[in-house]
Amino acid sequence: MDIYLVGGSVRDELLGQDNVDRDWVVVGATADEMLQQGYQPVGKDFPVFLHPESKEEYALARTERKTGKGYYGFICNAESSVTLEEDLMRRDLTINAMAKTADGVIIDPYGGQRDLKAKILRHVSPAFAEDPVRILRLARFAARYPDFSVAPETMALMHSMVSAGEVDNLVPERVWQETERALAEHNPQQFFIILRESGALEKIFPALNRLWGVPQKIEYHPEVDTGVHTMMALQQAVVYGATTDVRFATLCHDLGKGLTPEQNLPSHKGHEERGVKPIQEWCKQYRVPNHYRDLAVKVARWHLHAHRAAELRPDTILKLFKGLDAFRNPAVLEKYLLACKADATGRLGLNDKPYPQVAILRKAFLAADNVSTQELQAEGLQGAEFGAAIDNLRVAAIKIALQR
Ligand code: ATP
Ligand code: MG
C-alpha cells in the first residue's frame, strides 16, 4: 500500500502556513489490511481509519457517485484498485486536490499549484455540483484566503447548482457548522459575499441577503447600503478581536432594516425590534446554539441605546442593563459593547472614529452593580418591593457616576 498526505495540509504547506489537521489517503489497500495493521475504523459511510498512535485520519482512496438528492445519496467505491488520481478527482477545489509522497514529491494532476500561485478557487471536476456543502466550503476558503478569487466557471457552476435547488438539500447543522467556522476566519465577510454572488445566500439566509440594496441615511451611513454596512461592521468586529458570538451578533444587528416599510426609507425607525424575529427564525432553522442567538437578539434590540449613551437618562441606562441581563451575566455587557462599536465604526470612512460610549456605559454599570443591598435586606423588603428599591438605588448610583 502507498500512503500520501492530502488535502489542507499539503495546500497550507505550499502556502507557507501551518495546518495541524493532517489527512492521509491510502492507495492499494483493503479495509481488512488496515484493521490488521492496527488502524481503528471510524465513520460508517466511508472507509476512514485512525492511525493507532498519531490518531490522524487515514482514508482509503475512493470514488463517489451521486445517486439521489441531497447529502445522503452517494455510493462510494473504495476497492483497492482505486488510484490516487481518481481519489483526488472527487475533491472540491484544485488547491485541495494535491497529494505529497513520503519523499516530499507533490502529486498535482489538476493544477492545484498553478491555482495557488494565481490565487484562484477552482473546482476540480463537474462532480463538484453533486454536493452543495462544497459551496459553503468554497465560501469559507474565500474568508480564509481573502486575496483569492473564484474562477468564473466555478461561480457559474455554483449558480446552476443553486438554480437546480441543490442548496435546499443542505443539512441545517452543516450550514451552521460552516458559518461558525467562517466567522472564525480573518475575513468572514467574504463568506457571505461569495454566497451572495453565487445566489446561495438568498436561499440560506434571505433575511441577510435582503439588506443589499436597502438605503440608510447618508449622514450616519456614508456607505448608504445596508448590506455593505453589515459587511464593514463584521470586518470591524474582527479587527477588535471579537469572538465568534460577537461577530454573529454584529452580522445580525440590522436585519430589521430589511423589513422597513418602503415609504419610510431611508429612515429605519423601529428596526431594532423588527430585527428580533428574523434572528430567532434563522437560529431555529439552523439549530444555532442558544448563546449565539441570545446575544444576537440583545444586540439587535439594544444597539441604538449604546450609540446614544451620552444622552440617555439614568433610568433608561438601567433599563438597558436589565434588558441585557447584565447584572446576572456581566460578560454580556462587554460583548454587546464590542458589537455596538463595530456597528458604529463599520461605516465608510469611520473605521477609526472613537467610541466613547463604551467608557460611559462601563462606568455606569460598575456603579449600578456596586450598589449594596444589605440595607434593603435589613429593612425586610421582599419580591417586587425589593426589586423596585434596588432599581432606585441603581438609578441614583448611575446618576452620580455620570453626573446626570
Ligand atoms: P482545513 O484546513 O479547514 O482542515 P481542509 O481542506 O483540510 O481544510 P478538511 O475538511 O479537513 O478540509 O478535508 C480534507 C480534504 O478532503 C479537503 O482538502 C478536500 O480535498 C476533501 N474534502 C473535504 N470535504 C469535501 C467535500 N465536501 N467535497 C469534496 N472534497 C472534500
Ligand atoms: Mg483538513
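From a predicted model like this one, the values you see are computed outputs, not experimental measurements.

Enquirer: Help me out: how do you make sense of the overall build of the protein in this one?
Expert: Across its full length, the protein holds 20 helices and 11 strands. Each principal axis of the C-alpha atoms in the protein carries an extent, and together these give about 80 × 50 × 40 Å. A total of 404 residues make up the protein; the buried ones form 53% of that total. Positive and negative charge centroids in the protein, built from 49 and 54 side chains respectively, lie 7 Å apart.

Enquirer: Help me understand the side chain of His 229 in this model?
Expert: In this structure, His 229 sits in helix 11 (residues 226-239). Excluding residues that lie within four positions of it along the chain, His 229 makes contacts with Gln 216, His 221, Glu 223, His 253, Asp 254, Asp 343, Gly 346 and Arg 347.

Enquirer: Teacher, can you tell me more about the domain arrangement of the protein here?
Expert: Buried accessible area, meaning the area lost when the parts come together, often serves as the stated size of an interface. By domain assignment, the protein separates into domain 1 (1-118), domain 2 (205-367) and domain 3 (374-403). Computed from C-alpha coordinates alone, the two centres of domain 1 and domain 3 are separated by 64 Å.

Enquirer: Sorry if this is basic, but what is going on with the nonpolar core here?
Expert: Where a protein is soluble and globular, its nonpolar side chains tend to be buried together. Membership of the largest hydrophobic core comes to 101 residues, with the highest contact counts inside it found for Phe 205, Phe 248, Phe 321 and Tyr 336. The residues touching Phe 205, leaving out its near neighbours within four places in the chain, are Leu 251, Cys 252, Leu 255 and Trp 282. Residues Val 25, Ala 61, Val 82 and Leu 88 belong to the second largest nonpolar core, which totals 11 residues.

Enquirer: Just to check I follow, could you spell out the pattern of salt bridges for this structure?
Expert: If the charged atoms of two oppositely charged side chains come close together, the side chains can form a pair. All chains considered together, the criterion is met by 30 salt bridges. For Lys 66, the salt bridge identified is with Glu 166, shortest N-O distance 4.0 Å. Within this pair, whereas Lys 66 is found in strand 6 (residues 63-66), its partner Glu 166 is found in the loop between helix 6 (152-163) and helix 7 (172-183), the two being separated by 100 residues in sequence. In this structure, the salt-bridge partner of Glu 281 is Lys 277, at a minimum N-O distance of 3.8 Å.

Enquirer: Please clarify how the site of ligand 1 should be interpreted in this entry.
Expert: As a structural note, the neighbourhood of ligand 1 is formed by 17 residues, with Arg 11, Asp 21, Asn 96, Arg 134 and Arg 144 the closest of them. Contact between ligand 1 and Asn 96: an oxygen atom at 2.9 Å from a main-chain N or O atom of the residue. Contact distances for ligand 1 include 2.7 Å between a nitrogen atom and a side-chain N or O atom of Arg 134. Those elements that place two or more of their residues in the shell around ligand 1 are helix 1 (8-14) and helix 5 (133-144). By residue number, the principal contributor to the shell around ligand 1 is helix 5, which donates five residues. Of the residues in the shell around ligand 1, the class split is one nonpolar, four polar and 12 charged.

Enquirer: Looking at this model, I keep getting lost on the environment of Leu 60. Mind explaining?
Expert: With respect to the helices and strands, Leu 60 occurs in strand 5 (residues 57-60). Expressed as a C-alpha distance, the spacing of Leu 60 and Ser 80, which sit 20 residues apart in the sequence, is 7.9 Å.

Enquirer: Help me understand the sheet that holds strand 3 (residues 40-42), please; the structure alone is not making it clear to me.
Expert: In a beta sheet, neighbouring strands pair by backbone hydrogen bonds and run either parallel or antiparallel. Strand order in the open sheet made by the seven strands is 3-4-5-2-1-8-9, with mixed pairing throughout. Two strands lie at the open edges of the sheet, namely strand 3 and strand 9 (106-107), each paired on one side alone. Here strand 1 (residues 2-6) runs beside strand 2 (residues 23-27); their pairing, made up of five bridges, is antiparallel. Each bridged residue has a counterpart across the sheet, and for Tyr 4 the counterpart in strand 2 is Val 25.

Enquirer: Sorry, what's going on with the packing of helix 17 (residues 331-345) against helix 18 (residues 357-369) here?
Expert: Relative placement of two packed helices is described by the angle separating their axes and the distance separating the axes. For the pair helix 17 and helix 18, the least separation of the axes is 10 Å and the interaxial angle reads 160 degrees. With respect to each other, helix 17 and helix 18 are oriented roughly antiparallel. The interaxial crossing formed by helix 17 with helix 18 has right-handed handedness. Note on element contacts: helix 18 touches helix 17 through Val 358, Leu 361, Arg 362 and Phe 365, opposite Leu 333, Glu 334, Leu 337 and Lys 341. Partitioned by chemical class, the residues of the contact of helix 17 with helix 18 number five nonpolar, no polar and three charged.

Enquirer: Which parts of the structure should I look at to understand helix 11?
Expert: Residues lying three or four places apart along an α-helix face the same way, a consequence of the helix completing one turn every 3.6 residues. With 14 residues, helix 11 should cover 20 Å at 1.5 Å per step; its first-to-last C-alpha distance of 20 Å lies within 8% of that length. Burial within helix 11 is extensive, with 10 of its 14 residues counted as buried. Residues of helix 11 that are buried: Thr 226, Gly 227, His 229, Thr 230, Met 231, Ala 233, Leu 234, Gln 236, Ala 237 and Val 238. The elements touched by buried residues of helix 11 are helix 7, helix 8 (188-198), helix 10 (206-209), helix 12 (244-252) and helix 17. For helix 11, the N-terminal capping position is held by Asp 225, with its side-chain oxygen 2.8 Å away from the main-chain nitrogen of Gly 227. Following helix 11 by one or two positions, Gly 241 has its phi on the positive side, about 70 degrees.

Thresholds, definitions, all that
- Residues numbered from 1 in each chain as written.
- Chains lettered and ligands numbered in written order.
- Predicted model: local features only at pLDDT ≥ 70, side-chain atom pairs only at ≥ 80, totals over all residues.
- Heavy atoms only, no water.
- Helix = DSSP H or I, 4+ residues; strand = E, 2+ residues; numbered from the N terminus.
- Buried < 20%, exposed > 50% of the residue type's maximum accessible area, 1.4 Å probe, protein only.
- Lys, Arg positive; Asp, Glu negative; His and termini not counted.
- Charge placed at Lys NZ, Arg CZ, Asp CG, Glu CD.
- Contact = heavy atoms within 4.5 Å.
- Domains from an automatic or database assignment.
- Core = buried A, V, L, I, M, F, W, Y, C linked by side-chain atoms within 4.5 Å.
- Salt bridge = Lys/Arg side-chain N within 4 Å of Asp/Glu carboxyl O.
- Near = heavy atom within 4 Å.
- Polar contact = N/O pair within 3.5 Å; in protein donor to acceptor, adjacent residues only side chain to side chain.
- Nonpolar A, V, L, I, M, F, W, Y, C, P; charged D, E, K, R; others polar.
- Pairing = 2+ DSSP bridges.
- Axes fitted to C-alpha atoms, helices over the stretch in contact; angles between N-to-C directions.
- Parallel < 35°, antiparallel > 145°, perpendicular 65-115°, else oblique.
- Left-handed = near helix turned anticlockwise from the far one by under 90°.
- Expected span 1.5 Å × (residues − 1).

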